[in-house]
Structures are given as C-alpha cells and as structure tokens.
Amino acid sequence: MISATGITKRYGAVQALDGANLDLREGEVVALMGDNGAGKSTLVKTVSGVVIPDEGTITLDGRPAKITTPHDAQSLGISTVYQDLALCENLDVVANLFLGSERRRWSILNHIKMERATRDLLDQLDVRIRDIRVPVASLSGGQRQSVAIARALVGDPRVVILDEPTAALGVEQTAQVLDLIRRLRDRNLAVLVISHNLADVRAVSDRVVVLRLGRNAGEFVTADTSQEAIVAAITGAAA
Amino acid sequence: MTVLGMPYKLDRLRQGDLGAWPVVGGLIAIAVVFGSLNEHFLSPENLTNLVLQMAATGTIALGIIMVLLLGEIDLSAGSVSGLCAVVMTILSVRHGWNPVLAIVVAVLVGSAVGLLHGVMHTRLYMPSFVVTLAGLIGWQGLLIYLLGQGGTINLPFDGFIAGLSDTWLPPWLAWLLVAVLVGAYAAAGVITRRLRVAAGLPVKPSHWIALRIGGLAVLLAGAVVVLSADRGVPLLLVIFGALVIGLDLVLRHTAFGRWMYAVGGNAEAARRAGINVTRIRVLAFVLSSTLAAFGGILAASRLAAVNQSSGGSDILLMAIAAAVIGGTSLFGGRGRTYAALLGILVIQSITNGMLLLNVDSSVRFMVTAAVLALAVAIDSLARRGSAR
Ligand SMILES: Nc1ncnc2c1ncn2[C@@H]1O[C@H](COP(=O)(O)OP(=O)(O)O)[C@@H](O)[C@H]1O
Ligand SMILES: [Mg+2]
C-alpha cells in the first residue's frame, strides 16, 4: 500500500540512509529492526514527514506521494507515535486524544462529542482506564502508551508507526501494548513497529525488515524465521 | 471539563491535588482570626472597602495567571498598568478626549505592549523573565517621562472614570444579577447532564448538581446581603467578577483555552499536535498586558488620580503572589482564573485586617510572605504527588 523506495539521507558526513526500501500493507504488522544508528528513526521520519529525503520516492497506492511536513503525512493517513509519547501530562485523556484536532464549532469545544468518541475508541481497543477525566500524569506507563496509540487513531489513519512502544514498559504492560498492536492489525491498518526487542518482535509482527548502515540487510517472514537469522542480519555476521 | 463528578474530585484529592480547598480554608481562618480581634473587620462597610481595594490588583493578577499557565512570568504588569492609566488620564484630562475612548486607547496600548513582549520572547528567544524585567524598568521610565513636570494628574471626581469606582448597583439590579448567574449556572448544569445522558456518558448524581447550584446561590446572595447593608454591590466588583468568569469560560470551553493549557503542560507535544505554539505564547503576553491595563485604569479610578508611583511599589508582587496563593502553578499548565479572586481576597484581607489592628506594614509583609511560601510549597508538593 505504502512504499518507500531507494531512500537516501545524509547528515553532513554521516550517510544515515543509503537507498533503503520499505513496504507496508494493510492488516500487517512490520517490525523494523537494526543496531543503533542503523537509520531506523530516519527512515520512519521520511515517511512521517519530519525529515525530507535527499533521494528516493514514496508512493501511496502506487501513486507518488508528496510528504514534506508532518501535516502532509497526517492528511495522507500516516500517523506516528513517537517514543516520548508527546502527551500533555496536565490534560485528561479526552483532551490528549483530541489535542490539535478538537471537535468544535466556532472555537467552542464539544466536550460531549469528544468524550463519547474517546470512550468508544478505548472500548474498541480494549484499553481500560478507570477514569478518563483525570490528568494523564496519574496514569501508568502502559496506560499512557495506550493513550498515545489511541490518539494516533483519532484521524482514522491507514498507517500507524510506533517508535519503540515497549521500551519503557514492564512485562505486564508490554503484553497489554502488544495486544493493542494486534488490535490495530485487526482494524486492517498497516502497522510499523520499531523495536530492539526480539521477543516482542516475534510475538507481534508478521514481517521483519532489518536495516544495517542505512541499507536493507534482510527481510523475513516472522513465523518462518529463527531468532539467530534475524540477529545475524542485524549484526552483519554471515548467517 | 464542565462536569467534574464526585469520584473525579475524590480521585484528585487522593493524588494530592487539593484544588481550591487550602485557600478557602485560609480565608475562613483569616475571617475568624481578624473577626475576633477586631469587631469592625467583618462589618459590611469594611468588607465593601475590601472589595474596592482588591479589584485593581486582582485584575492584574488575572493577567499574571495567563502567563503563569504557560510556565512564563510577567514582571512588567505593574509598570504597564501604571503606564496605561497615565495614557488614559493624559488623553482624557489634558486632551479632553471622551473618557470611554481614552480607556479604549489605553487598553489598546496595553495590548500593544504585550504584543511587543510576546514577539521579543518568541522571535528573539529572550526568556520572559528578562523581557518583562526590561519592561518593568522601561515602561516605568516612559510613565515618568509622560507625566513630565507635575508628576500628578487628577481625574475629576464627578467624571466618568472616577465614577467607575463610585457606582453601586441598586438592590433590584444586584438581585437580578444573582438570579441570572444562578439561573445560567443551573441551566448549564441541567442541559449538560441531559446531553450526557443522551450520549450515554456517565453523569454525577443529580443531588450533587443541586448542591452546587444551591451553594452558588447562597454564596452570591450572602455577598449581596452584606454589600447591600452598606453602599450596595460596587460596579468594580461586577467588572472584576465578569473578567474572572468570562476568562474562565474561554480557558475551559474554547480551543484557544485548551491550547493554553496544552502549551503550558508540554509545548513540544502541542507543537507536534499542530498547535501554533508561538501564537499562543504571544497571545498570553497580550492578555497579560491588556489585563494589566484594565487593572491600572481601575486603580486610577479609585485614586481619582495618576502619579509617578502608579502601578509601582508592591502592586506587581502582590498580583503575582495572589495568582500563586490562589492556586496557579508556577510550573505551567495548572490553574484557573478563580485563583486571582481567591488569592487577592487572601492578600487584601491580611492587609486590611492588619491595618485595622494598627500592625506595622513590616509585619504585614512578613505574614504575606509566609502565606506565599506556604502556597508555593503546596503547589510543589501537589506537583510531586501527581507525577508518577
Ligand atoms: N538530525 C541529525 N543530525 C545529524 N545526524 C543524524 C541526525 N539524525 C540521525 N543522525 C545520524 O544518522 C544515523 C542514523 O540515525 P537513526 O536513524 O536515528 O538510527 P536508529 O534510529 O536506527 O538508531 C546515525 O549515525 C545518527 O547519528
Ligand atoms: Mg532511533
């Protein structure tokens, strides 16, 4: 559905990306793996409009897509959950979900419409938060991650990108978030997860794309691939 | 955020967010202490004076809240209030302008000053502390320059501007105002509840709404009874109250207000959500200086004059202290406009009570400082308590 082809990006002397490719399809979770500095974040940023690539093309449904700002990406249905979540701790769940896209008429907020939509969305995703009117500061790490992911769905995107969604979480909360990612797949979204955690990747992804030094270093169907093969691709050791 | 259910309140209490309760408790303590030390303190006449004394600084505190919500500060509010009062007075007295026009221009001067502060802060990346410290000194200088030789300009006692602080609502109008306010509050509560039920959202028990409506009615009626026993409800209180209520509605029910809180809570998150953070910041400084101008005009009206110390001495510090004592967080993103009302009530009661008791102003400063320190301590602890 969405393809990035031959993406290159230089930062001064650093070749962050050197002809990297990425394909995402509806109803599929792709894990993007690679060592630190492999170019994962940069590749994702070109798709989400934060970084403009030096070369390469991005196509959506076969047509070239012009993505130069995060706003472009959002209006094309590409939604990103950043590693730092970017939530306002002082605002409640409803306010965070609709931040910047508040339902309003002549600037007057429609609190009821937003709260109804929030409850519906959280129910669909099976996210349990006892009181959605308390500031996000009082929620657990897993709940916050869930709020950030739910927020990515507010604009009805087709593609959701998650940067290290489980990095800061404990075992139980990681399981909750992985469940949530499966539910995104069930909603027929194209999902891209950046992760360092092989166990998580094997638990949730359909496909693994490995980057190494800015280039594709392997692509695997998760179910048919051994952990060793993925590690070998990441480190560059001949498998 | 219109509907704060009981469980929600309790939850917040458990998280250490005490809301307005410490201030309300403090006010009751002040009333009891000064009331028992001096029988005149709680008399209608003195309470009316208290209301007149607090309107101007309270309005300036309201402006301070606008910048505190973003985690910024405005040290120039006192000077700007004095400057705008002088502009108004010069236009109306020396140039014989229509007083209303003079007020409008003075308020616009305030807005322009705020715009300048906002642009310096956002475009030149100057910390708000420095921008407004320069403003504190510079606008004071301009004020003295404009006043020139005489140093004092009197406003005619029977004129429109001085009349603002010597106008009292007739009883029927005061009661009508109470009826309208309580009626509007009740209608909003009932309609919101109906709409929530229709949308299948949880609602708080109806006796809880009734309790709040009743509480508001008792509070307002009590105020009218007390003030009517003296000269009546002062127009100054109505102006200040309208600003507090109006800005609270804007902050809680408009996208602009939501974005103020968002920028104060996490500016980077707000930016990524597509909010124009720069515009919000500039607007906050504009609001602050505009409200300072309002406050300066009210102060000039009460004094029926402007002079070199207009907007000077401890006005700025009291306005900041009022905002913080009332419960506005210095860390940004938390606080409501009612903080200006509650905070200035605390400060002005202490000042007024100590003057009645003939206590030296040195003691007054120390007591006010202790109250301020306590308020900031509560804020800091609440912040720690809520961040997990
Ligand atoms: N804004 C930037 N300026 C300079 N160099 C950068 C910038 N962003 C990334 N890089 C460099 O590009 C390379 C790839 O980085 P990144 O995409 O963040 O890798 P990963 O997310 O896989 O760890 C690294 O060498 C990094 O130092
Ligand atoms: Mg990275």
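Up top you'll find the structure we're talking about.
Residues numbered from 1 in each chain as written. Chains lettered and ligands numbered in written order. Predicted model: local features only at pLDDT ≥ 70, side-chain atom pairs only at ≥ 80, totals over all residues. Heavy atoms only, no water.

The next thing to look at is the packing of helix α4 (residues 77-94) of chain B against helix α13 (residues 277-303) of chain B. Residues and elements named next belong to chain B. Across the interface, α4 lies against α13 with an axial gap of 7 Å and an inter-helix angle of 60°. Taken together, the axes of α4 and α13 lie oblique to each other. Like other packed secondary-structure pairs, α4 and α13 cross with a definite hand, here right-handed. On the side of α4, the interface is formed by Ala77, Val80, Ser81, Cys84, Ala85 and Met88, while α13 contributes Ser289, Ala292, Ala293, Gly296, Ile297 and Ala300. Tallied by class, residues from the contact of α4 with α13 come to nine nonpolar, three polar and no charged. (Axes fitted to C-alpha atoms, helices over the stretch in contact; angles between N-to-C directions. Helix = DSSP H or I, 4+ residues; strand = E, 2+ residues; numbered from the N terminus. Parallel < 35°, antiparallel > 145°, perpendicular 65-115°, else oblique. Left-handed = near helix turned anticlockwise from the far one by under 90°. Contact = heavy atoms within 4.5 Å. Nonpolar A, V, L, I, M, F, W, Y, C, P; charged D, E, K, R; others polar.)

Next up on the list: the packing of helix α3 (residues 44-68) of chain B against helix α10 (residues 235-253) of chain B. Residue and element names in this part refer to chain B. The geometry of α3 relative to α10 is characterised by a closest axis approach of 8 Å and an angle of 20° between their N-to-C directions. When the axes of α3 and α10 are compared, the pair comes out roughly parallel. As α3 runs across α10, the sense of the crossing is left-handed. Contacts between α3 and α10 pair Val51, Leu52, Met54, Ala55, Gly58, Thr59, Leu62 and Met66 from the former with Leu236, Leu237, Phe240, Leu243, Val244, Leu247 and Leu251 from the latter. In the contact of α3 with α10, the residues fall into 13 nonpolar, two polar and no charged.

Here we come to helix α4 (residues 111-124) of chain A. Residue and element names in this part refer to chain A. Over its 14 residues, α4 runs 20 Å from end to end, which matches the ideal 20 Å to within 8%, given 1.5 Å per residue. Of the residues making up α4, those classed as buried are His111, Ile112, Met114, Glu115, Thr118, Leu121 and Leu122. The first or second residue beyond α4 is Asp126, which carries a positive phi of 60°. (Expected span 1.5 Å × (residues − 1). Buried < 20%, exposed > 50% of the residue type's maximum accessible area, 1.4 Å probe, protein only.)

Residue and element names in this part refer to chain A. Around ligand 1 lies a shell formed by Tyr11, Val14, Ala16, Asp35, Asn36, Gly37, Ala38, Gly39, Lys40, Ser41 and Thr42. Here an oxygen atom of ligand 1 and a side-chain polar atom of Thr42 are 2.5 Å apart. If ligand 1 stood free it would expose 560 Å²; the protein chains cover 60% of that surface. Every element with two or more residues in the shell around ligand 1 is listed here: β2 (14-24) and α1 (40-47). A total of three residues in the shell around ligand 1 trace back to one element, the largest contributor, which is α1. Looking at the shell around ligand 1 residue by residue, the classes come out as four nonpolar, five polar and two charged. (Near = heavy atom within 4 Å. Polar contact = N/O pair within 3.5 Å; in protein donor to acceptor, adjacent residues only side chain to side chain. Areas by Shrake-Rupley, 256 points an atom, 1.4 Å probe, with all protein chains shown as cover.)

All names here are of chain B. Assignment of secondary structure puts Ile280 in helix α13. Classification of Ile280 as buried rests on a relative accessible area of 1%. Each C-alpha atom of the pair Ile280 and Ala262 lies 9.9 Å from the other, and the pair is 18 residues apart in sequence. Filtering out sequence-adjacent residues up to four positions away, Ile280 remains in contact with Leu70, Phe256, Trp259, Met260, Val263 and Ile275.

All names here are of chain A. On the basis of which strands lie adjacent, the open sheet formed by six strands has the order β6-β9-β10-β3-β11-β12 and mixed pairing. Bordering the open sheet on either side are β6 (78-81) and β12 (215-221), each of which pairs with just one other strand. Neighbour-to-neighbour, the strand axes of the sheet open up by a mean angle of 20°, direction not taken into account. Packing of helix α6 (residues 171-186) onto the sheet brings it into contact with β3 (28-33), β9 (159-163) and β10 (190-194), and relative to β10 it is tilted by some 150°. (Pairing = 2+ DSSP bridges.)

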